Amino acid sequence: EDPGTVVDLRRLVRGVAQYQTAIFGRYPSESLLVVVLPSNQMQFTSAARSLVVQDPQDHPPEADTNLGQRLAEEHFRLWNGARFHPRRSEMAPFRKGHAAWFTEGATAWYGLRTIYALGIVDDDTLLKIINEWILEYTAHKQASTATMADFEARYLQDPDLARLAHIKGALTVALLDIGLRADSLGTQSLDEVMRRLSFNFSGHKRGFSTKDIEKIVVSVGGEQWPEFFAKYIQGAHMLPLSRLDRGGFIMIRDDQQRPMATDVTDLFKDWYKP
């Protein structure tokens, strides 16, 4: 492996670890082993306390948005342990009732927040990623029909539905995070929900359900949230994406009446920071 790439990647891993530790608390183990291998394509393989990164070295690691996002997501999954591995594996077999929309969505959202905070993406790139999520979600053929029961029953068997869980989940988690911040004038956020989930379910083999997440969100954010869960998570209503303008983004409607983010607002200018 190129020594310069290793140094740059080490710096990137350290930045990711420091940012996520500031949000969630101490990393669950004393150390994380990262092995870097040259490869023709980017690939990550994770296990308990270790991460293998196969890197094509096409770009400097700290300037590679895709590498940064993937690394931040993998570190987030490692930090949260088996509860955030909905895919069937020896590390975490998929169980009926697993809240795939949340585990997939929070992984994507916190991955994006991490690389934004580290400066790997700027405002324009952040908007591009958010709008790509919106476009894929609104164009998905199951977006207005898939319920939570569908995700729980068919997540493993239907790759198209699994992709919807990831995209809808990311936007749903963004709405939760921004909504909690807006309702509390910045004193609460999804970070507190994450910390409580980690504390309440540390060591639990079964992981947590959507009901468990809803209970903690309500305890943090108040009684307005059960309706949100009933309509947009348990049900199949299209997400109220215009609400992203409550703190984080300025939203408009495009020619096809889709909500699109056009700017990063300073209403909660530190919304992405711990």
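Small disclaimer: the values here were computed from a predicted structure and weren't measured.

Draft legend 1. Local environment of the packing of helix H6 (residues 159-183) against helix H9 (residues 225-234). Contact geometry for H6 and H9: axes closest at 13 Å, N-to-C directions at 165 degrees. The orientation of H6 relative to H9 falls into the category roughly antiparallel. Handedness of the H6/H9 crossing: right-handed. Counting all contacts with H6, which are made through Lys168, Thr172, Leu175, Leu176, Gly179, Leu180 and Asp183, the residues of H9 involved are Trp225, Phe228, Phe229, Tyr232 and Ile233.

Draft legend 2. Local environment of a negative patch on the surface. A cluster of acidic residues, Asp122, Asp123, Asp124 and Asp263, forms a negative patch on the protein surface. Along the chain, Asp122 turns up in the loop between helix H3 (100-117) and helix H4 (123-139). Accessibility expressed as a relative area gives 44% for Asp122, which makes it partly exposed.

Draft legend 3. Representation of the pattern of salt bridges in the model. Applying the stated criterion across every chain, the model contains 15 salt bridges. Of the charged contacts in the structure, one is a salt bridge between Glu132 and Lys128, with a shortest N-O distance of 2.7 Å. Taken as a pair, Glu132 and Lys128 lie in helix H4 at a separation of four residues, close to a single helical turn. Relative accessible area serves as the criterion here: at 40%, Glu132 is assigned to the partly exposed category. Overlapping salt bridges, with partners in common, bring together Arg113, Asp177, Arg181 and Asp191 in one network.

Draft legend 4. Seen up close, helix H7 (residues 190-201). Compared with an ideal rise of 1.5 Å per residue, which puts 12 residues at 16 Å, H7 spans 16 Å between its outermost C-alpha atoms and is within 8% of the ideal. Among the residues of H7, Leu190, Asp191, Val193, Met194, Leu197, Ser198 and Phe201 are the ones counted as buried. All buried residues of H7 project into a common sector of 160 degrees when viewed along the axis, lining one side. Among the residues of H7, the N-terminal cap falls to Ser189, whose side-chain oxygen and the backbone nitrogen of Asp191 are separated by 3.1 Å.

What counts, and where the lines are drawn
- Residues numbered from 1 in each chain as written.
- Predicted model: local features only at pLDDT ≥ 70, side-chain atom pairs only at ≥ 80, totals over all residues.
- Heavy atoms only, no water.
- Axes fitted to C-alpha atoms, helices over the stretch in contact; angles between N-to-C directions.
- Helix = DSSP H or I, 4+ residues; strand = E, 2+ residues; numbered from the N terminus.
- Parallel < 35°, antiparallel > 145°, perpendicular 65-115°, else oblique.
- Left-handed = near helix turned anticlockwise from the far one by under 90°.
- Contact = heavy atoms within 4.5 Å.
- Patch = residues over 30% accessible without salt bridge, like charges linked within 9 Å, V, L, I, M, F, W, Y side chains within 5 Å.
- Areas by Shrake-Rupley, 256 points an atom, 1.4 Å probe, with all protein chains shown as cover.
- Salt bridge = Lys/Arg side-chain N within 4 Å of Asp/Glu carboxyl O.
- Lys, Arg positive; Asp, Glu negative; His and termini not counted.
- Charge placed at Lys NZ, Arg CZ, Asp CG, Glu CD.
- Buried < 20%, exposed > 50% of the residue type's maximum accessible area, 1.4 Å probe, protein only.
- Expected span 1.5 Å × (residues − 1).
- Arc of directions from axis to C-beta.
- Polar contact = N/O pair within 3.5 Å; in protein donor to acceptor, adjacent residues only side chain to side chain.

Purely spatial values, then, with no claim about function.
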